[in-house]
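# Examination of the molecular architecture
Below, each chain spelled out in residue letters.
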Amino acid sequence: MDAQQTNDAVQLYTASEEDVNKRLDAFLTANNEGWSRTRIQKLIENGDCTINGKVAKSNHKLRLNEIIEVELSEALDTPIEPEDIPIDVVFEDDDILVVNKNAGLVVHTGAGVYAGTLSNAVAFHCKLLTPEYGINYRFGIVHRLDKLTSGLIVVAKNIVSHENLSEQFREREVFKSYLALVHGNMKEDKGKVEQPIARDRNNRTKMTIADHGRYALSLYKVRERFDNFTLLDVQIKTGRTHQIRVHLASLRHGVVGDEAYNNGRDRMIQNVNIKARIPALKRFFLHAEQLQFKHPKSGELMKFQQDIPQDLQDFLSLIKNSGSM
């Protein structure tokens, strides 16, 4: 079995000779510490696992060189080493923790990534609050943000909260809205992208629109227009890997700073000041601005909004002051 981590939540495996004829659920359970077979089976049933880009079944018998892709939230039973990494806590009680994640911070530990993540930071934060829990403090990060995306993310602080929030995400009851600056002038004031997303077979670190992919739906609305850029509110109804970035790129309006998907448009900007500022951002212009869900214990509707970071505000000011020519 050959394994790699394509981002902070997605694991890729290539079935070796010793994996042939193993059941998919048994294989994933054996290779993901802290995940029970029951939880793995539920994850597979929810369509969070594919083989060669197609949704799989738990009883699938592996064949040589098949590519297994699985999206994992944080496993509650896996010890995470606490690290003193500053985090911006927006809200906290006994059941949940809402954090404003900085761009550049990886969310999950995973294959080859065991330090310097939001998970390590949360473990340290919780250990300070309740030292008796120590390294085995049980928490789970229910969803994810790309490393270079900033904004709101919720963490479950116990098993009951984890299962409740996971169910809300599965049933698409959670409201998630992002702020994105894209290249070009969007023709419509609002619209939707309803296109399936799959792993790019030519580049396993990227995603692409593909008929065999998993269903994905994004809604967008123009917040502000500039000469060569458009500021969008983007609401996602599904949580596919790189979903916003791939969907907007499919409209030929790639996210500013996203070299993986905007087809080199950062380098084609005519204004030298704007063009020079983008590499200095060291991120793409994508921010998880709003998050709404029901509290896992009380059922109360929790609403959070986080203003965009100063670096993105400064970039918008630069565009406005220069006329974005």
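Right, let's walk through the structure included here. (Residues numbered from 1 in each chain as written. Predicted model: local features only at pLDDT ≥ 70, side-chain atom pairs only at ≥ 80, totals over all residues. Heavy atoms only, no water.)

## Details of the overall build of the protein
When helices and strands are counted, the protein shows 7 helices and 17 strands. Residues counted as buried form 54% of the 325 residues belonging to the protein. Long-range contacts, defined as pairs at least 24 residues apart, comprise 66% of the intrachain contacts of the protein with a sequence gap of at least 6. Per element, the accessible surface of the protein, about 15100 Å² overall, is 46% carbon and sulfur. (Helix = DSSP H or I, 4+ residues; strand = E, 2+ residues; numbered from the N terminus. Buried < 20%, exposed > 50% of the residue type's maximum accessible area, 1.4 Å probe, protein only. Contact = heavy atoms within 4.5 Å. Areas by Shrake-Rupley, 256 points an atom, 1.4 Å probe, with all protein chains shown as cover.)

## Details of the layout of surface pockets
When its volume is computed, the largest pocket comes out at roughly 970 Å³. Residue lining of the largest pocket: 38 residues in total, with D48, V142, R144, F169 and G239 positioned closest to the centre. Elements supplying a minimum of two residues to the lining of the largest pocket: α2 (37-45), α4 (159-170), β10 (175-183) and α5 (243-250). Of all the elements, α4 adds the most residues to the lining of the largest pocket, at 5 residues. Each residue belonging to the lining of the largest pocket can be placed in one class, and the counts come to 11 nonpolar, 12 polar and 15 charged. (1 Å grid on protein atoms, 1.4 Å probe; cavity = no way out; pocket = protein on both sides within 12 Å on 5 of 7 lines; lining within 4 Å. Points joined across faces, edges and corners; volume = space filled by probe spheres on them. Nonpolar A, V, L, I, M, F, W, Y, C, P; charged D, E, K, R; others polar.)

## Things to note about the pattern of salt bridges
With the rule as written, the count across this model stands at 17 salt bridges. In this structure, K297 and D95 form a salt bridge, with 3.7 Å as the shortest nitrogen-oxygen distance. Taken together, the residues span a long stretch of sequence, with K297 in the loop between β16 (286-294) and β17 (301-305) and D95 in the loop between β6 (88-92) and β7 (96-101) at a distance of 202 residues. A salt bridge links R170 to E167; its shortest N-O distance comes to 2.7 Å. Here the residue R170 and the residue E167 both occupy positions in helix α4, the gap between them amounting to 3 residues, near one helical turn. For E167, a relative accessible area of 31% translates into the label partly exposed. Ionic contacts of the salt-bridge type, sharing partners, join the residues R23, D25 and R37 into one network. (Salt bridge = Lys/Arg side-chain N within 4 Å of Asp/Glu carboxyl O.)

## Digging into the packing of helix α6 (residues 272-281) against helix α7 (residues 310-322)
The interhelical angle for the contact between α6 and α7, taken along N-to-C directions, is 175 degrees, at an axis separation of 11 Å. In terms of axis orientation, α6 runs roughly antiparallel to α7. On α7, the residues touching N273, I274, R277, I278 and L281 of α6 are D311, L312, D314, F315, L318, I319 and S322. Here the contact of α6 with α7 is built from residues that sort into 7 nonpolar, 2 polar and 3 charged. (Axes fitted to C-alpha atoms, helices over the stretch in contact; angles between N-to-C directions. Parallel < 35°, antiparallel > 145°, perpendicular 65-115°, else oblique.)

## Some points on the side chain of D95
The buried category is assigned to D95, whose relative accessible area is 7%. Other than its neighbours up to four places away in sequence, D95 contacts V155, A156, K157, N158, S161, H295, P296 and K297.

## Describing unusual backbone geometry
Positive phi is not limited to glycine here, since H242 has a value of about 60 degrees. With respect to the helices, strands and loops of the structure, H242 is situated in the loop between β15 (229-236) and α5. Accessibility expressed as a relative area gives 9% for H242, which makes it buried. A positive phi angle, near 60 degrees, is found at N263, a position not held by glycine. Examined against the element boundaries, N263 turns out to sit in the loop between α5 and α6.

## Overview of empty space enclosed by the protein
As enumerated under the stated definition, the model contains 2 cavities of 30 Å³ or more in all. Counted as a void, the largest cavity has a volume near 80 Å³. As for the largest cavity, its lining consists of T50, G53, E69, E71, I197, A198, R199, M207, G213, R214, R240 and T241. Every element with two or more residues in the lining of the largest cavity is listed here: β5 (67-71) and β12 (197-199). In terms of residue class, the lining of the largest cavity is built from 3 nonpolar, 4 polar and 5 charged. Taken as a whole, the second largest cavity holds about 30 Å³ of empty space. H143, L152, K176, Y178, A288, Q290 and L291 together form the lining of the second largest cavity. Of all elements in the fold, only β10 and β16 reach the threshold of two or more residues within the lining of the second largest cavity. Tallying contributions element by element places β16 first for the lining of the second largest cavity, with 3 residues.

## Some points on α5
For α5, the tally of buried residues reaches 6 of 8 residues, placing the bulk of the element in the interior. Within two residues after α5, R252 carries a phi angle of roughly 65 degrees, on the positive side.

## Some details on the packing of aromatic side chains
Evaluated as defined, the whole model comprises 4 aromatic pairs. Plain terms: the ring middles of F285 and F315 are 6.3 Å apart, the flat faces sit at 55 degrees to each other, and that makes the pair tilted. With a gap of 30 residues between them, F285 in the loop between α6 and β16 and F315 in helix α7 connect regions that are remote in the sequence. When its relative accessible area of 0% is taken as the criterion, F285 is described as buried. (Phe/Tyr/Trp six-rings, centres within 6.5 Å; stacked < 30°, edge-to-face > 60°.)

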